[in-house]
Structure formats: structure tokens, C-alpha cells
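# Chains, contacts and geometry: an overview
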Amino acid sequence: MRRIADRFLVRAPSNIALVKYMGKTDSVLNLPENGSISMTLEDLCTYAEIQVVPEIQGKDGKPAIGFCSWVPEAPAGAPPLSRVPRLDSAGLEKVIRHMERVRGAAPDLLESFGLDPGGLGSGRDRFILRSANTFPQSSGIASSASSFAAITLATAWACGGDPEDFRKVYTKNPEFPRALAELSRRGSGSSCRSFEGPWVAWEGGRARAIDATLPPLRHLVLVVSESTKRVSSSEAHLRIKGSPLWRGRVDRAETRKRALSEALLQGDLRMVAKLAWSEAWEMHSLFHTAEKPFSYWEPATLDLLQGFAGIFEADEAELPILTLDAGPNIHLICPADQAEPWKSRINANFKGISVLEDRPGIGARLISAVQEAQVGWP
Ligand code: PMV
């Protein structure tokens, strides 16, 4: 087949849950104990590129099927300040296994959406991944969600025939990104919420956008620390089940999830803020009370939380939407016209906190599929 493209570049945003995915019923398929709801971001994202190098033979002379590798370089099209993720051997193995999983599933998946399954990157070719994040890794900004969504999308795109056919189906048929989201979930559960936006509910095996009636919003990440987290989220999913607070957690999360969808639909920001506040405390309380307890908090996390608790106590209506992921940083969501006042207030009251700003987004998207004049080994 004529080679149309050999470099496939995509970007996928992070997403921040207000009702959290914490605890799995199936750790192979990454199925959640309870439903979750998140907001998809826009600029805090991962750029991933697959370079396809053709016709690699295995040692036995047969095609080396599913041959995937990672190069610690940013893709050429990523913004200049993006950071290449640091991967230890377990992280690398997880990524490679996921690329192979996507390559294995791609032929049937593409065919089921009327796309050429015997595409350019099928079977014999080597896939080389480059990726970079626009935000610090492993510090509670859900880099695994954006990374796995981007890797899934880029790998699937590289498996197809004509990249423009793939683009048409991806942009016109919402069931296609949803099917890719299901595949992505196998790599990292929360990544399945990064394919749509701005508000996404994940229930069992399926994640899909839900309706909300809200004013334009801004998302501020109050960065307390950029250091790598000590307990991985995979470990957290297991350990929390040993907490005495685990009992009743699934029912409480489901009740909160129903209340949150209703509040989003009604545009009741105050209720959204109240629900997000209790959910964030509940998830971190599960961490703090696990049989083998752990904490992601830094002293500055607690300072900020105490500051916000004071605001909450003085005037409930003033509380912005606040949450924490599995990390020390605090996420603040507010109407767009309140972002500047919040930034000034935080700067004035807390030292050493940097603020990243983003807004609600629409999910993972395709950027470019190009052919290089000469494809070589990196
Ligand atoms: O997708 P995982 O396995 O990295 O789990 C992440 C879970 C949290 O980010 C802590 C919460 C959530 O719902 O995103």
C-alpha cells in the first residue's frame, strides 16, 4: 500500500474529577467501583506522536508484529516548553504494553467503523512514540489520563489507512472516540474521560459527555509541589479498600454523582462546589486512613485548605469549586470573570504557590499526519 503518512501527532487533555474514580472492581479491565464525573481541560495536555518505521523483521526472519518503542524526546509539533515524561521501567512497560494492546485491537475496531483495517501501520511496522506534557508530571494533574488518551489515539491513527478517513469518522461519529476511550481505559482508567468534554460521566465501561448549564469557567491549578508522587494511583486504588471509611463509600459516591449531574444541569455552582469539597476530602481521608496510610499533602496544601475552609465558614456562597487529585496541588474552578481576583487573592495570602490556568475543553484531538521525505531510525 502507498504510504501516505508516517508521523501521527495528536493531543489529549487532562481531566479533573469532581466525583472520583477510586477503587476498582476489575484491575485488568480497569472497571470502577463507582461512577465518576470530571471536567475535561484544554491546554493542560499531552502531545503524542507515533512515528511508523516500516518492515522490521523479527530475529526469526518473520515480521516483528506489534513492535513498539519510546524515545524520550518531545514530538516536533509540541509547544516549546512541554516536558518529556520521566518513565521508570515499570512505567515504560505499561506504555509499551498499551501500545501493543491498541495495535492488537485496532484492526477490528477500525473495521467496525468502516475504516481500512489493513492500514499502513498494521503488522510489520515499528511504532516509535514521542510524547510531552504541557504541565508537571505526577503531581496531581492527572498526567496518566492525558498521556494514555493521547497514546491510544495516536497509535490507533497510525494503524489506519488514509489518515483523512480516520479524521472524518473521529470528528463525525461520537461513538468512535467513545470506543477509543474504552480501549484507553485499559491503559489508565481515568484516561477514558479525556475524549470528550467539557463534562464527562464514566459509568462501568462507558464514558460520555453530559449536559451542563454553566457560565464560561476557568480552571486554576494551585501548584504546591511538582515532585513525583510517592504512591502511584494503581497502589492507591488497592490500599483505600483497607480503610474503615471504605464501607459505604460506593453508595456515597453514587449519591454524590447523581446530585452533581443535577447541579451541573441546573447551573447550581454553589451545590457543585459543596459536592466537590466533600468528595475531595473523602478521597483524601480514604488515603489518610488506609490500613497502610499515606498522604499526598504538603504543608502548603493544608494551609490552602484551611484558608478555603475559613472562606467557606464565613460565607458559603463565596466558595469556588475546589478539588484535589492524587497529589498535593489544589484545583480551583470558577466563573471566568473571577479568575483574576482569585489569582490576586492567592498571591497575596500564600507564598510560593504558582498558578496554572486553563479552561474547559472538548477532549482529545487529531493534529497532523504527515509523511517525511526519508524515514530513518532515531
Ligand atoms: O486512572 P488512574 O488509575 O491513574 O486513577 C486516577 C484516579 C484519580 O485521578 C485519583 C481520581 C479520578 O477520578 O481521576
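Procedures and definitions
Residues numbered from 1 in each chain as written. Predicted model: local features only at pLDDT ≥ 70, side-chain atom pairs only at ≥ 80, totals over all residues. Heavy atoms only, no water. Phe/Tyr/Trp six-rings, centres within 6.5 Å; stacked < 30°, edge-to-face > 60°. Buried < 20%, exposed > 50% of the residue type's maximum accessible area, 1.4 Å probe, protein only. Lys NZ or Arg CZ within 6 Å of the ring centre and 35° of its normal. Salt bridge = Lys/Arg side-chain N within 4 Å of Asp/Glu carboxyl O. Helix = DSSP H or I, 4+ residues; strand = E, 2+ residues; numbered from the N terminus. Near = heavy atom within 4 Å. Polar contact = N/O pair within 3.5 Å; in protein donor to acceptor, adjacent residues only side chain to side chain. Areas by Shrake-Rupley, 256 points an atom, 1.4 Å probe, with all protein chains shown as cover. Nonpolar A, V, L, I, M, F, W, Y, C, P; charged D, E, K, R; others polar. pLDDT = per-residue confidence, 0-100. Contact = heavy atoms within 4.5 Å. Pairing = 2+ DSSP bridges. Axes fitted to C-alpha atoms, helices over the stretch in contact; angles between N-to-C directions. Arc of directions from axis to C-beta. Parallel < 35°, antiparallel > 145°, perpendicular 65-115°, else oblique. Left-handed = near helix turned anticlockwise from the far one by under 90°.

## Structural notes on the packing of aromatic side chains
For the structure on display, the rule yields 13 aromatic pairs. Judged by centre distance (6.2 Å) and plane angle (35 degrees), the rings of Trp 157 and Phe 166 are tilted. When sorted by exposure, Trp 157 lands in the same class as Phe 166, which is buried. Ring geometry for Tyr 170 against Phe 176: centres 6.2 Å apart, planes inclined by 80 degrees, an arrangement best described as edge-to-face. The rings of Phe 8, Phe 113, Trp 157, Phe 166, Tyr 170 and Phe 176 are connected pair by pair, giving a single aromatic cluster. Stacked on the ring of Phe 127, the Lys or Arg Arg 103 has its end atom at 3.7 Å from the ring centre.

## Brief notes about the pattern of salt bridges
This structure, assessed with the given rule, holds 27 salt bridges. The partner of Asp 325 in a salt bridge is Lys 20, with the nearest N and O atoms 4.0 Å apart. With Asp 325 in the loop between strand 10 (321–324) and strand 11 (330–335) and Lys 20 in the loop between strand 1 (7–19) and strand 2 (24–26), this residue pair connects regions lying 305 residues apart in the sequence. Residue Asp 325 shares its accessibility class with Lys 20, and that shared class is buried. A salt bridge links Arg 252 to Glu 282; the nearest nitrogen and oxygen atoms lie 3.0 Å apart. Here the residue Arg 252 occupies a position in helix 6 (residues 249–266), and Glu 282 occupies one in helix 7 (residues 269–288), the gap between them amounting to 30 residues. Residue Glu 282 is classed as buried on the basis of its relative accessible area of 12%. Each of the salt bridges in this network shares a partner with another, and the network as a whole consists of Glu 175, Arg 178, Glu 182, Glu 196, Arg 206 and Arg 208.

## Re the site of the ligand
By nearness alone, 14 residues border the ligand, and Tyr 21, Ser 190, Arg 193, Ser 233 and Asp 325 come closest of all. Separating an oxygen atom of the ligand from a side-chain N or O atom of His 237 is a distance of 3.0 Å. Separating an oxygen atom of the ligand from a side-chain N or O atom of Asp 325 is a distance of 2.7 Å. When the ligand sits alone it has 380 Å² of accessible area, and the protein chains cover 95% of it. Class assignment for the residues of the shell around the ligand results in five nonpolar, six polar and three charged.

## Section: the confidence of the model for the protein
Of all residues in the protein, 92% attain a pLDDT of 70 or more, and the chain-wide mean is 91. Counted against residues more than four places away or in other chains, residues 374–378, with its pLDDT under 50, gives 13 contacts.

## Concerning the sheet that holds strand 12 (residues 354–358)
Pairing within the open sheet is antiparallel, and its four strands lie in the order 10-11-9-12. This sheet does not close on itself; its edge strands, each paired only once, are strand 10 and strand 12. Between one strand axis and the next, the sheet turns through 25 degrees on average, direction left out of account. Bridge analysis of strand 9 (residues 217–223) against strand 12 gives five bridges, and the strand direction is antiparallel. From the neighbouring strand, Leu 222 faces strand 12, where its bridge partner is Val 355.

## Describing unusual backbone geometry
Of the consecutive residues Gly 197 and Pro 198, the connecting peptide bond is found in the cis state with omega at -5 degrees. Among the structural elements, Pro 198 can be located in the loop between helix 4 (175–187) and strand 7 (199–203). Here Asn 30, not a glycine, exhibits a phi torsion of approximately 55 degrees, which is positive. With respect to the element layout, Asn 30 can be found in the loop between strand 2 and strand 3 (31–32).

## As for the pairing of strand 9
The element strand 9 is extensively covered by neighbouring structure, given that six of its seven residues are classed as buried. Sheet topology note: the strand 9/strand 11 ladder contains six bridges and is antiparallel. Paired with His 219 across the strands is Ile 333, a residue of strand 11.

## What about helix 9 (residues 339–349)?
Turning to helix 9, its buried residues are Ala 339, Trp 342, Lys 343 and Ile 346. For helix 9, the buried positions fall inside an angular range of 100 degrees around the axis, keeping them on one side. For helix 9, the exposed residues set more than 90 degrees away from the buried face come down to Ala 348 and Asn 349. Packing partners of the buried residues in helix 9 comprise strand 9, helix 8 (299–314), strand 11 and strand 12.

## Quick look at the packing of helix 2 (residues 143–159) against helix 4
Two quantities define a packed helix pair, namely the angle between the axes and the distance from one axis to the other. Where helix 2 contacts helix 4, the two axes come as close as 9 Å, and the packing angle between them is 125 degrees. In terms of axis orientation, helix 2 runs oblique to helix 4. Both helix 2 and helix 4 take part in a crossing whose hand is right-handed. Of helix 4, the residues touching helix 2 (which contributes Phe 148, Ala 149, Thr 152, Leu 153 and Ala 156) are Leu 180, Leu 183, Ser 184 and Gly 187. The residue makeup of the contact of helix 2 with helix 4, split by class, is six nonpolar, three polar and no charged.

## Describing the environment of Glu 372
Position of Glu 372 relative to the elements: it lies in the segment after strand 13 (365–370). Owing to a relative accessible area of 29%, Glu 372 belongs among the partly exposed residues under this scheme. Counting along the chain gives 248 residues from Glu 372 to Arg 124, while the straight-line C-alpha distance between them is 19 Å. If sequence neighbours within four positions are ignored, Glu 372 has contacts with Asp 6 and Arg 7.

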